[in-house]
Amino acid sequence: MTRSSALSTTVRIQCHVNGEARQLEFSPSVRLLDVLREELHLIGTKEGCGKGECGACTVIMDGRAVDSCLVMGYQADGSEIWTIEGLPQMWEMQTARKLHPVSRDDHEPLPLHPLQRTFVECGSSQCGICIPGMIMSSVAFLKENPNPTREEIRYGLGGNLCRCTGYVKIFDAVEKAASEMRAFAQNPSQHAPAHQRRVNKATPRRRDGFVASTLKEALKILAIPDSPTRPQLAGGTDSLVRAKDGIGQPSRMVDISRIKELSGIKKIRARGKRTSGSAYPQEIRIGAGTTFTEVLESELLQKYAPALIEACAVIGGPQIRNRGTLGGNFANASPAADSVTALMSMGAILEIASLKSCRQVPAEKFFLGPGKTVLKKNELLVAVRIPKIPNLVGCYLRLGQRRAQAISKVDVAVSAVLKPRGNGSSKNGGSLFDFLGICYGSVAPTIFRARATEAVLKEQSPNPATLKHAKETIKKEVQPIDDIRSTAEYRREMSAVLLERALRRIGALA
Amino acid sequence: MRTVGERIARPDSLDKVQGTAQYVDDLSFGAMLHAAVVRSPLAHGRIKKISTAAARRIRGVHAILTAQDIPGQNLIPMIQPDQPLLAAGEVRHIGEAVALVAAETKSAAEEAARAITVDYEALPAILTLEEGFAKREIVQHWKLRRGRPCDIFSRHDVVVVENTYQTPYQEHAYIETNGMIAVPETDGGITVYGSLQCPFYVQKAVASVTGMKMNHCRVIQTVTGGGFGGKEDAPGLPAAMVALLAQATGRPVKYILSREEDMQVMSKRHPGKIVYRSAASHDGILLAVDVDYFLDAGAYATLSPVVLWRGINHAAGPYRCEHVRVDAYAIRTHKVPCGAFRGFGEPQIVFAHERQMDLLAERIGLDALQFREKNALETGDHTVTEHELKESVGFKDTIIEVRRASNYDRLKLEIEKSNGARISENPPNPKRRGLGWGCCYYGVGLGARGGYLNPAGASVVISSDGSVNVAVGTTEIGQGMITVLSQIAADALGCPLEFIRIMPPDTSRVPDSGPTVASRTTLMSGNAIADACRQIKSRMAAVCADYDFSKIIAEMKSQAVAASARGETHPKSDFHRIVTSSYTPSNRASGHWSEEAWLWKATIQRCVQNMVQLSAHGWAVPPQTTYDGETGLGDVYVTYSYSTNLVEVEVDIETGETTVLKVWTAHDVGKAINPQTGEGQIEGGVVQGIGYGLLEEHVLATDGSKAATRKTGKGGPFPPGRILNDQFSTYIIPTPMDIPEIHSLIVEHAFPYGPFGAKGLGETPIIAVAPALVNAIANATGIQLREIPATPERVWQALKQEASRRTQQSPRRSRKAASAI
Ligand SMILES: Cc1cc2nc3c(=O)[nH]c(=O)nc-3n(C[C@H](O)[C@H](O)[C@H](O)COP(=O)(O)OP(=O)(O)OC[C@H]3O[C@@H](n4cnc5c(N)ncnc54)[C@H](O)[C@@H]3O)c2cc1C
Ligand code: FES
Ligand code: FES
């Protein structure tokens, strides 16, 4: 992609849309949604909110469902995008009934994608405005999970609102299509090798302007004192929502989501002494650009970061999890950043870099207030490190206003290593902690580690009396407020309720 | 083939699943401008000065209009002539429009709107219903007087329950926001395209402000992304705005509201307050109700008088009750005007009467179901307005169906047992299950106050190839009108379904057919179509009776094969061909018509040759209704639909969270023309009802303080009365993760006047869900909420109060016990 002039009035990108290579030029302030609707006249992608809340604008970008209202047009450079209009073509390619794309003058329309057909057959659409988004989400998650339960279908559609249907007939259609698609996939004679063949991605080119491709490039831009552009866009699930409210200009942002150095989840040898608990020889380093979905898919984290997995599983809906990053969750410094609560409970350390230097800050010391962190203007968050503890247990619990696309009213993460009580008897109940991290979100100006409560629990094994003491302590430790989501009083009391439930979940209470 | 009663796939869904359906934002016209609106930041104020000079200098701005630039009347004509399109002199609610801008781009229009400065002098604002009532700001007052309730309440042998109930604003939350495009025509007329429910209301609004004759204001409905009542009268405002701008600039103008703007300024369900007193005999007969019913109308009357009227007509529920006093008031406040929303004034009062029914049953010592059954309306009974029910009363059957499907008696015992077991678990399980009932009835159509709006028209035109155009004045808003009316037309004409096309509603095609509301569409437009079809059929019979069509058919078939050999393809729009997997190119050659279709085509060919008029206008007028304004009595509606819900919930008594596990919901719809769209209406309505009962409400700023600002995380500070939650992350509607198992049950007690026996179905599903939920929460936990939504915070507070009430009570009780010894 290139900025076509110094004034950067337009931007040029290459991408594939519905299987066709496209060269596009448009203003840097337009979203992918606008590019699809206005440049390509693909009107099937709808706008219901412009803030990632309704899913009407869902398209598939590089294999995953995303809200196209939360992707800038320039971020689509080099991507493969599918919209509702392309589904018959996609199905044709997958089923390899034809190995070449249909020629344009063939009047015979391609058969509908099974999901499109079952949505008609099951009476799943009423006003229809949500339907393209629903179908695109379904296509994306059936690819990951071809044989979903009803509950998994609900989870897969968690990022899509429908006001007409009550969803029942939508679930029916997805179930029906899934079974047809499985039947098709199981029939090898129809399953040509081209099935896996993807459209060639646009050739990766040196990108400048709106997309930073290396960490150094991004840090260089940051180092310029009054740079007109700032690396500000990772998943965009916070910054583009703010931009819609008139805060920040996307045309002046730089995409950092493609930076290699910000991705990857790997084991490393621990560096330096840890600030909390005993030192663990191994650590896990998670790139700041890791998305919630990537966290959920990581076997390493499934094994060693139970609280983080549980937290990421309840964030937003699929589209938000596919784009939102850990780095953005930290840098945005909302008191309701779910992955932060979980990571902090594990004693996470943050790696921060500027062009000249690198530094490490414990997660606990990162926040200065709501929306305020220790990050300087010229710095980027590069990675989050957590200790790799073999027998770590953990859990994450939250209360939200509903079961998907919800912001926490109060949430807690507990990570611990349990040591059975002396002389092997557990009759007195509970166990001692070798390591204990308890963090709360949404009940104070920032996410915080409940040190006083940890102290109560750590010194003695949690029997009913200590538990009661701990619950009293946490109620004093939190500083909740009344806001649009809940009341201070409720949040305070729930902090204690969730504490007990979390301890029980990890097996620390008899 | 008869299609009525069949699960026919919706013809309109094919475009919707392919993404080709054109909603208003998908349309554009050459040289189109974009609109933005300057809106009042104050609930009440005097406009001192409007400065537009800076805005006019912005590049791309073509017009800026204020009240004084309106060529017609500055009035949106509704029931009371009180609402201006643009505030003149005084603003009466936050978000009221003050000035309009049209510019080359949306961003230029918005920039110009920001550059317009308006000086206001703030005036005292009425922000609560109570304050408005105290100041006698009454938009409408209706009365209902039947029997002698005072006598009943003064008796000593009756059980009396009295409570005050509160219900919140509810947002329609259609996923497509409101939007309109106005296109100037060469003859000086204006065509308006938009997302709307009632083309004739929009037409009147446009004619009013532009000063044009109605036949010059043509309104065409685009595919509409949800309405639920929210696009009934309210779209008249954006339509009038774009029409004025188009008139001023001579160019097409488009205006699509942002989600936030839509939530701030468009209509909503009225917040309600109901003071409800009921009396029953000890053996379980409902004797009397005494009710004061208040709705917060907001700044202008809009549809509030008739919303309120529907509420009062159903004030005692679908039960016999001979002694009634109700006073119902719509109160004027300085807030956004409320209007129509699915259920139309019923959900508020139904919440109250269905809670009352449970509380009475408990006091009497009857099961909630038994008590309802004992008092349920049946054929021959009189409604609360003394309307004698002569036919089509399926209420009891809805109860029986739900009871059967849920296995209620066993389920109730099973739940009691499981709750008992949970208490004694170690550690105790904090989840309690509960069951709750909610019933309602719904007068179909506009009823006696509908007046000239009641009739509906239809035009049916058959082309020479047998295809049929049907035009009606009511609209498809997702509820399935196109499907259901196609079925009615096909069966009435006796032609295959695929020949029918329901045209997009257009005011130039059909006479005023009233609004698409009150579950009247199937009934009224269906009857109008049937009327037109009858006229055509009788003309057809004159030339077709006893005629042998086999020769014509054979000829037509061979012509089709020949055409196909020449490469002429069958037109693409054939719905069944695309969705049916059995379709193959080979049967396309013969047009794949069924024998039935060939017969129809042949019949039409013969009629054409014999110069039969194959078109007609149909007209439907509902049976007589009556109403007495003094007593509120009369046969106020043509008929009623009935519904019963049973919900099972699980309440977490530590967190106050309620999970809805199952809903059984039965509806007497007369006749389900299409059970699939019927179920769709039921499921959708039930989920909206769950939102209403558990999640949805608007939070308003009470003062301009910092606290209010902090609440939203957006700028601010916000003036009193401003809605603080105006987006989908703060106004909470159910997601796919929040819905229960729903068992939809359809009961059919045919209504003789309805097409094929149909009544209406659109609204009953939402009405009695919230009380069923709150009744179930009471059943699970013992707390008695009088306010919705039953958020975890409210449930938790009530649980806490209940617990402290119990601990306070028990020492007293033991003291009493001690003294007794
Ligand atoms: C509908 C919806 C639902 C949501 N639900 C949840 C939820 O349940 N729980 C939750 O916690 N959050 C939720 N969010 C918020 C959001 O998804 C998360 O905060 C996410 O982690 C943000 O990451 P991002 O990559 O999208 O950030 P962006 O929007 O790209 O960036 C946010 C900010 O962080 C800065 N930033 C990003 N990466 C870095 C870096 N590496 N170094 C320095 N600065 C950086 C950016 O400059 C910007 O200021 C939701 C958002 C939406 C729209
Ligand atoms: S438009 Fe609602 S999520 Fe994008
Ligand atoms: S069908 Fe109308 S919003 Fe889903």
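Residues numbered from 1 in each chain as written. Chains lettered and ligands numbered in written order. Predicted model: local features only at pLDDT ≥ 70, side-chain atom pairs only at ≥ 80, totals over all residues. Heavy atoms only, no water.

### Description of the pairing of strand 13 (residues 272-281) of chain B
All names here are of chain B. This is how it is decided: For every residue, the accessible area (1.4 Å probe, protein chains only) is compared with the maximum for its type, and the residue is labelled buried under 20%, exposed over 50%, or partly exposed between those bounds. Runs of E in the DSSP output that reach at least two residues are strands. Runs of H or I that reach at least four are helices, and both are numbered from the N terminus. DSSP calls a pair of strands paired once it identifies at least 2 bridges connecting them.
Extensive coverage of strand 13 is indicated by the burial of eight of its ten residues. Of the pairings in the sheet, the one linking strand 8 (residues 158-167) to strand 13 comprises ten bridges and is antiparallel in character. Counterpart to Val 158 in the pairing with strand 13 is Ser 281. As paired strands, strand 13 and strand 14 (residues 286-298) are joined by nine bridges and run antiparallel to one another. Directly across from Gly 272, in strand 14, lies its bridge partner Leu 295. Between the antiparallel neighbours strand 13 and strand 14 lie four residues, among them Gly 284 with a positive phi of about 90°.

### Here's the deal with the state of the cysteines
Residues and elements named next belong to chain A. Quick note on the threshold: In what follows, a disulfide is any cysteine sulfur pair within 2.5 Å.
Evaluated as defined, the whole model comprises zero disulfides over all chains. Cys 395 provides the cysteine sulfur closest to Cys 439, a residue in no disulfide bond, and the two sulfurs are 12 Å apart. For Cys 439, a relative accessible area of 0% translates into the label buried.

### Examining the interface of chain A and chain B
Quick note on the threshold: A contact between two residues is defined here by any heavy atoms of the two lying within 4.5 Å. Criterion for a salt bridge: a side-chain nitrogen of Lys or Arg within 4 Å of a carboxyl oxygen of Asp or Glu. For the purposes of these results, a polar contact is taken to be a pair of N or O atoms within 3.5 Å, where, inside protein, one atom must be able to donate a hydrogen and its partner to accept one; residues adjacent in sequence count only when each atom of the pair is a side-chain atom. For this classification, the nonpolar set comprises Ala, Val, Leu, Ile, Met, Phe, Trp, Tyr, Cys and Pro, the charged set comprises Asp, Glu, Lys and Arg, and every other residue, Gly included, is treated as polar.
Taken residue by residue, the interface counts 69 residues in chain A and 81 residues in chain B. Taken together, the connections running from chain A to chain B amount to twelve salt bridges. Viewed at the interface, chain B and chain A are joined by 43 residue pairs in polar contact (both at pLDDT 80 or more). Listed by contribution, the elements that provide at least two residues to the side of chain A that touches chain B are helix 3 (114-121), helix 4 (131-144), helix 5 (150-156), helix 6 (168-186), strand 16 (393-400) and helix 17 (488-505) of chain A. For the side of chain A that touches chain B, the element with the most residues is helix 17 of chain A, which contributes seven residues. Class assignment of the residues belonging to the side of chain A that touches chain B gives a composition of 30 nonpolar, 15 polar and 24 charged.

### Thoughts on the site of ligand 1
Residue and element names in this part refer to chain A. Basically, it comes down to this: A single heavy atom is enough: if one lies within 4 Å of a molecule or strand, its residue is considered near that molecule or strand. Working definition of accessibility: Shrake-Rupley area with a 1.4 Å probe, residue cover restricted to the visible protein chains.
Neighbouring ligand 1 are 34 residues, the closest being Thr 237, Asp 238, Ser 239, Thr 325 and Asp 338. Here an oxygen atom of ligand 1 and a side-chain polar atom of Thr 325 are 2.6 Å apart. Starting from 980 Å² of accessible surface for ligand 1 in isolation, the protein chains cover 93%. When contributions to the shell around ligand 1 are tallied by element, the ones reaching two or more residues are strand 7 (230-233), helix 8 (239-244), helix 13 (326-332) and strand 15 (380-387).

### What to know about the packing of helix 15 (residues 451-459) of chain A against helix 16 (residues 464-477) of chain A
Residue and element names in this part refer to chain A. Let me state the cut-off plainly: Note on geometry: axes are C-alpha line fits, over the in-contact stretch for helices, and angles between N-to-C directions span 0 to 180 degrees. For classification, angles of less than 35 degrees are called roughly parallel, those exceeding 145 degrees roughly antiparallel, those between 65 and 115 degrees roughly perpendicular, and all remaining angles oblique.
The contact between helix 15 and helix 16 brings their axes to 8 Å, and the two run at 170°. As summarised for this structure, helix 15 and helix 16 are arranged roughly antiparallel, according to the angle between their axes. On helix 16, the residues touching Arg 451, Ala 452, Thr 453, Val 456 and Leu 457 of helix 15 are Thr 466, His 469, Ala 470, Thr 473, Ile 474 and Glu 477. Taken together, the residues of the contact of helix 15 with helix 16 break down into five nonpolar, four polar and two charged.

### Some details on the pattern of salt bridges
All names here are of chain A. One pass over the full model with this rule turns up 88 salt bridges over all chains. A salt bridge links Lys 51 to Asp 245, with the shortest nitrogen-to-oxygen separation between them at 2.8 Å. Taken together, the residues span a long stretch of sequence, with Lys 51 in the loop between helix 1 (32-39) and strand 4 (58-61) and Asp 245 in the loop between helix 8 and strand 8 (253-255) at a distance of 194 residues. Here Lys 51 falls in the buried class, since its relative accessible area comes to 3%. Here Glu 180 and Arg 117 are joined by a salt bridge, their closest N and O atoms 3.0 Å apart. Separated by 63 residues along the polypeptide, Glu 180 in helix 6 and Arg 117 in helix 3 bring together distant segments of the chain.

### A word on the side chain of Thr 398 of chain B
All names here are of chain B. As for its placement among the helices and strands, Thr 398 is situated in helix 12 (residues 395-406). Within the local environment of Thr 398, its side chain forms a polar contact with the side chain of Thr 644, the two groups lying 2.7 Å apart. Aside from chain neighbours lying at most four places away, what touches Thr 398 is Tyr 642, Ser 643, Thr 644, Ala 666, His 667, Asp 668 and Val 747.

### Quick look at the domain arrangement of chain A
All names here are of chain A. So the rule is basically this: Start and end positions for the domains come from either an automated domain assignment or a database one. Here the quantity called buried area is the total loss of accessible area, with a 1.4 Å probe, experienced by two parts when brought into contact, counted for both.
Domain boundaries in chain A define domain 1 (1-102 + 109-196) and domain 2 (394-510). The partner domain 2 presents four residues to the eight residues of domain 1 that form the contact. Interface of domain 1 and domain 2: buried area, both sides summed, is about 330 Å²; carbon and sulfur atoms make up 33% of it. Joining domain 1 to domain 2, the criterion identifies one salt bridge.

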